[in-house]
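Descriptive analysis of the structure
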Amino acid sequence: RKSLLTTLFPLSCSLRSATCIPKSMMFFFRLVILVGTCASSPPWPIEEGGSYLLQTATAAIKASENAEALEVISVDGTEPWKSQRREERREKRREARTTTTTSTPIWNSGAGIVGIKLNGKGDFAAFWAGLATDIALLVGCYIAFLILRKIYPMMYQANQESFDKLKEGRLKLTESIFAPVMASFRISVDDVIELAGLDHGMLIQFSIFVMNQMLLIGIPALLVLSPLYAFSGGHAANSRLSSIGFANVKERSLICYPVAGFVWYVVLVTQIHVSRVQEKEFMQRRKAWLMRMPMPRSHTVLVESIPFEYRSVSLLTSFFEEIFGAGCLKDVSFIRQCGMLQSCIRTRDNCSQDLHEAEFQWDKSGEVDSERKAKLETALDAAVTKVDEEREKALKTDEGISGSAFITFKDQKQSIMALNMRYTADDEEFVVSVPPDPGDVRYNDLEMDPRKVAATQMVGYGLIAGIFFGFIPIVAGITNLLTLESVSKISFLNDFFSRNPSMAALWDGLASSIGLNLFMSFLPTFLVMIFSACFALKADAWEQHYIQQWYFYFLVVYVLLVTAVGTSLWDRVRELVENPTAILKMLAQSLPAATHFYLNYVPLQWGTHGTNMLRYMNLFKFLGFRKVCLEETARTKAEPEDQDYYGMGSRSARHTLIAVTGLVFCTLSPLITVLCFVNGAVCRFLYSYLFVYSETKKADLGGVFWITQLRHIQQGVLIYIILMTGVLLERANSIIPGVIAGSSAVVWLYTYRRFNHAFHLENLPLKDIKASASVEKRLSVKKQYVQPELIHHEDSPRARKDK
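Counting from 1, residues in each chain are numbered in the order their sequence is written. Local features in a predicted model are, by the rule used here, given only for residues with pLDDT of at least 70; side-chain atom pairs are given and counted only at 80 or more, and totals for whole chains, interfaces and linings are based on all residues. Side-chain calculation: all heavy atoms of the structure are included, whereas hydrogens and water are not.

**Let's talk about the pairing of strand E2 (residues 329-336)**
The condition is simple: Residue exposure (1.4 Å probe, protein chains only): buried if accessible area is under 20% of the type maximum, exposed if over 50%, otherwise partly exposed. By the criteria applied, helices consist of DSSP H or I runs no shorter than four residues and strands consist of E runs no shorter than two, each listed in order from the N terminus. At least two bridges found by DSSP between two strands are what make those strands a pair.
Counted residue by residue, E2 has 6 buried out of 8 residues, so it is predominantly covered. Where E2 and strand E3 (residues 401-409) come together, 6 bridges link them in antiparallel fashion. Bridge pairing links Asp-331 to Thr-408 in E3.

Set out below in structure tokens:
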């Protein structure tokens, strides 16, 4: 076993770092090595943890099918998945579903679908094997990044040429191949805020918060609880990995009393830590961000649901001047419906792109196709003329004006006052809000009628509910379609598996994970499609905030709580509606039995962070575009990274899930706090460099993601309280430890409510406006709130051609 682990896994990681193989290909390669070796000659008995090693490496293979994936299949002229063998496997599954033990609850097929294996023998060796693999993958990816940075600096340190702060001083990168290592240590949170924005800076601050939080709860857990579990718990665990966890405590043990006290400690420390870091690390930075807000955003409000009788520039100007005084407004910009104009602009841009690519090829070859060039130029001229005509038509008429407008005041005080006023008796008229950044506005969403928005939002929430409640059936359905029995009905696949029984065993083991991996990989994209089609988001950054909220809850349900969810989320919800207190028993009987999986799940994320440093998708796009255009243009087209999965929303949700996982299991398995601490350190080290040197600057919401992360952390504390209350009620010799642990919910409720009310800083306080006048403002990409299609650019395709 040691020989296999120390040879094959480092080999696969070294191959990936040396050849820059994409993550998906590396995933398949590692599985082929492991499953192919085990299928031909299993080096360990299945029941001793060999199947769990595979689960650690893939986090996807169902435990109920592991024995089938690893069994030796002989070639004797018969089809190994037919007739008798099929019946034997079905019988094994039926026995596994009906067999229970005193230490492990009934196997949950919902957990099986997502690849969660319950605690058992052999997990200790599997844990160390998985840990070594994840560390090797992280180190290998980082070494590959250092090499790629030297070869393609435009993709890995392009920002050094864009910001003066990176051109000299302590943040300047040297020519050394190890320059990024020291740069990551030198970068501070304030540096990230200045160069990448407050949202990205606070994501780095969140990593530091997680590290400090794991120290606060991990040190006493490891120094106090773990020795109690190991020496005084009664040795109830059947695995060495559980010997320092609560699983080593016998029922009715007196250790439940100090555990109940530790629950109070965790709740108090977490809630106090959240409040203090919010006050000390965020509030002053948020105020400074508001004071540096540039024009026109600092003086502008977004007004929606404007009544029909005020939908013209003159009438709306008169309405606000009656309230705030004559001459108070600097600009009024209505949102106009410009569908035809947008279509003409797309046609013009396509013609311009065709001409640009043709000229690039002619420059490379030295020969010009005069006839084709004339046709392309004629098409471009006609498209530009059509755009100008449609633009003039849209600006000269009031037709197509929507009920939304950006109003810019001359005095910032008046814009802040406008945000807090009611203008008519109907509070659904003149809805005033803080505007997004001028360069991030989704004008098409603001064109929509409020009644249509309300209707489409209902459809959107229904689709989101469908994803939540249909996740397990969808994944199970995909898995059933991809089983060996199903695909063997295709004649050429049937022949292939008949000739290659080892590949049949491999496919039989992988089939259960393919459906899960496909769905989980595209989940953020599915959410983006729903949000884009059904919600009026006003700005692209707000779409990321929607992703953060819903993606986090999905991960909590189907990663953290999946053993409690079972085969149907709908059935669990119905049970809880009928009997809310059943959640105590539900969590107490499911989560403690899967702590080993989460001890492997957290280190698995380290390798994921390492692959993010490679930016391989951006690199592939850059290399492709470089063949048809200049390098600078190719780099522009290769950016940004996929915002569905690598945007602020998805990243924030995934980082918060790891923190919540450490918090929820810190008492049941104190070792997880060490792993979460390391994960926070890895995030602090890697993403500081990515945000400052590699990735393009994104629209900034000013810390909205940070606030949501802290709310999610506190919601994780509630899950922790419910879990530990249920566990102590189940395992203690009386209800007293459970009552003590459950009473901490009173403190949680008070502090959670105070957090939501005490830290409001949506607008700059009026008393600070005078001071903000002397503060240097941030640079703004766009200087006015006008739909881009209504602006005549001097740098139009025709102007560039004439030049």
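**Section: the pattern of salt bridges**
For clarity, the threshold we go by: Whenever a carboxyl oxygen of Asp or Glu lies within 4 Å of a side-chain nitrogen of Lys or Arg, that contact is scored as a salt bridge.
On inspection of all chains with the given rule, the structure shows 25 salt bridges. Its salt-bridge partner being Asp-191, residue Lys-165 comes within 2.7 Å of it at the nearest N-O pair. Of the two residues, Lys-165 is situated in helix H9 (residues 164-167) and Asp-191 in helix H11 (residues 189-196); the sequence distance between them amounts to 26 residues. Judged by relative accessible area, which is 2%, Asp-191 ranks as buried.

**Some thoughts on the nonpolar core**
The test is simple: As used in this record, nonpolar core signifies buried Ala, Val, Leu, Ile, Met, Phe, Trp, Tyr and Cys residues forming a set joined through side-chain atoms within 4.5 Å.
If you look at the biggest cluster of nonpolar residues, it comprises 160 residues, and the most contacted ones within it are Phe-246, Phe-554, Tyr-558, Tyr-598, Tyr-693 and Tyr-720. Here the element with the most residues in this core is helix H13 (residues 256-291); it accounts for 15 residues.

**A few points about the confidence of the model for the protein**
Just so we agree on the cut-off: Note on scores: pLDDT gives the predictor's confidence for each residue, bounded by 0 and 100. Should any heavy atoms of two residues lie within 4.5 Å, those residues are considered in contact.
Here the protein averages 81 in pLDDT, while 83% of its residues score no lower than 70. Per-element mean pLDDT across the protein ranges from 35 in helix H3 (residues 50-58) up to 96 in helix H32 (residues 671-694). Below pLDDT 50 for its whole length, residues 1-83 participates in 161 contacts with residues either more than four positions away or in separate chains. Note that pLDDT drops below 50 for residues 95-108; the model gives that stretch 16 contacts with residues more than four away or on any other chain.

**Here we look at the packing of helix H23 (residues 540-560) against helix H31 (residues 648-664)**
Heads up, the rule is: As a rule, the C-alpha atoms of each element are fitted with a line to give its axis, helices using only the stretch in contact, and angles between N-to-C directions run from 0 to 180 degrees. A crossing counts as left-handed when the near helix is turned anticlockwise from the far one by less than a right angle, and as right-handed when that turn is clockwise. Here the term charged refers only to Asp, Glu, Lys and Arg, the term nonpolar to Ala, Val, Leu, Ile, Met, Phe, Trp, Tyr, Cys and Pro, and the term polar to all other amino acids, Gly among them.
Axis separation between H23 and H31 bottoms out at 8 Å; the angle between their running directions is 35 degrees. Our pair here, H23 against H31, has a crossing hand that is right-handed. When H23 is examined against H31, the residues Gln-544, Ile-547, Gln-548, Tyr-551, Phe-552, Leu-555, Val-556, Val-559 and Leu-560 are found in contact with a partner set consisting of Met-648, Gly-649, Ser-650, Ser-652, Ala-653, Arg-654, Thr-656, Leu-657, Val-660, Thr-661 and Val-664. Residue classes in the contact of H23 with H31 are distributed as 12 nonpolar, 7 polar and 1 charged.

**What to know about the packing of aromatic side chains**
The relative placement of two aromatic rings is captured by the distance of their centres and the angle of their planes. Our working definition: Stacked, edge-to-face and tilted are the three classes for Phe, Tyr and Trp ring pairs, Trp counted by its six-membered ring, which pair at centre distances within 6.5 Å; planes under 30 degrees apart are stacked, over 60 edge-to-face, the rest tilted. When the NZ atom of lysine or the CZ atom of arginine is within 6 Å of a ring's centre and also within 35 degrees of its normal, the charge is said to sit over that ring.
Evaluated as defined, the whole model comprises 46 aromatic pairs. Here Phe-324 and Phe-409 contribute two aromatic rings whose centre-to-centre distance is 5.3 Å and whose plane-to-plane angle is 80 degrees, an arrangement assigned as edge-to-face. Of this pair, Phe-324 sits in helix H14 (residues 313-324) while Phe-409 sits in strand E3; the two residues are 85 residues apart in sequence, bridging distant segments of the chain. We note that Phe-324, like Phe-409, is buried. Between Trp-748 and Tyr-752, the aromatic rings sit 4.9 Å apart at their centres with planes inclined by 10 degrees, giving stacked as the arrangement. Linking Trp-748 with Tyr-752, this pair stays in helix H34 (residues 736-758), spanning 4 residues, or about one helical turn. Judged by relative accessible area, Trp-748 falls into the buried class, the value being 9%. An aromatic cluster is present here, built from Tyr-461, Phe-468, Phe-471, Phe-531, Phe-535, Tyr-546, Trp-550, Phe-554 and Tyr-558 joined pairwise through their rings. In this arrangement the basic side chain of Arg-240 is found over the ring face of Phe-124, its NZ or CZ atom lying 4.1 Å from the centre.

**Looking at the pairing of strand E1 (residues 300-304)**
Counting buried positions along E1 yields 5 of 5 residues, so the element is predominantly enclosed. What you see with E1 is no split at all: Thr-300, Leu-302 and Glu-304 on one side and Val-301 and Val-303 on the other are buried throughout. Bridge count for E1 against E3 is 4 bridges, and the pairing is antiparallel. From the neighbouring strand, Val-301 faces E3, where its bridge partner is Ile-407. Across 3 bridges, the pairing between E1 and strand E4 (residues 431-433) is antiparallel. The partner of Glu-304 across the bridge, within E4, is Val-431.

**Brief notes about the packing of helix H7 (residues 123-151) against H32**
For clarity, the cut-off: By the definition adopted for this analysis, an angle is roughly parallel if under 35 degrees, roughly antiparallel if over 145, roughly perpendicular if from 65 to 115, and oblique otherwise.
Direction vectors running N to C along H7 and H32 enclose 5 degrees, while the axes themselves pass 13 Å from each other. Between H7 and H32, the crossing angle belongs to the class labelled roughly parallel. Seen from H7, the contacting residues are Phe-127, Leu-131, Leu-138, Tyr-142, Phe-145 and Arg-149; seen from H32, they are Leu-671, Leu-675, Val-682, Phe-685, Leu-686 and Tyr-689.

**Digging into the sheet that holds E2**
Within a sheet, adjacent strands bond to each other through the backbone by hydrogen bonds, running parallel or antiparallel. Across the sheet, which stays open at both edges, the 4 strands sit in the order E2-E3-E1-E4 with antiparallel pairing between neighbours. Across the chains shown, the open sheet's two edge strands, defined by having one partner strand only, are E2 and E4. Adjacent strand axes in the sheet meet at a mean angle of 25 degrees, parallel and antiparallel pairs treated alike. On top of the sheet, H14 reaches E1, E2 and E3; it is set at about 140 degrees to E2, its chief contact. Packing of helix H17 (residues 412-419) onto the sheet brings it into contact with E1, E3 and E4, and relative to E1 it is tilted by some 30 degrees.

**Topic: the side chain of Thr-656**
Definition in use: Pairs of N or O atoms are called polar contacts if they sit within 3.5 Å, as long as, within protein, a hydrogen donor faces a hydrogen acceptor (for residues adjacent in sequence, only side-chain-to-side-chain pairs).
Looking at the element boundaries, Thr-656 is found in helix H31. A distance of 3.2 Å separates a polar atom in the side chain of Thr-656 from a polar atom in the side chain of Gln-709. In contact with Thr-656, not counting residues within four places along its chain, are Phe-206, Phe-552, Gln-709, His-712 and Ile-713.

**Quick word on the side chain of Ser-402**
Assignment of secondary structure puts Ser-402 in strand E3. From its side chain, Ser-402 meets the backbone oxygen of Ile-335 in a polar contact 2.8 Å long. With sequence-adjacent residues up to four places away left out, Ser-402 is seen in contact with Arg-311, Phe-334, Ile-335, Leu-446 and Glu-447.

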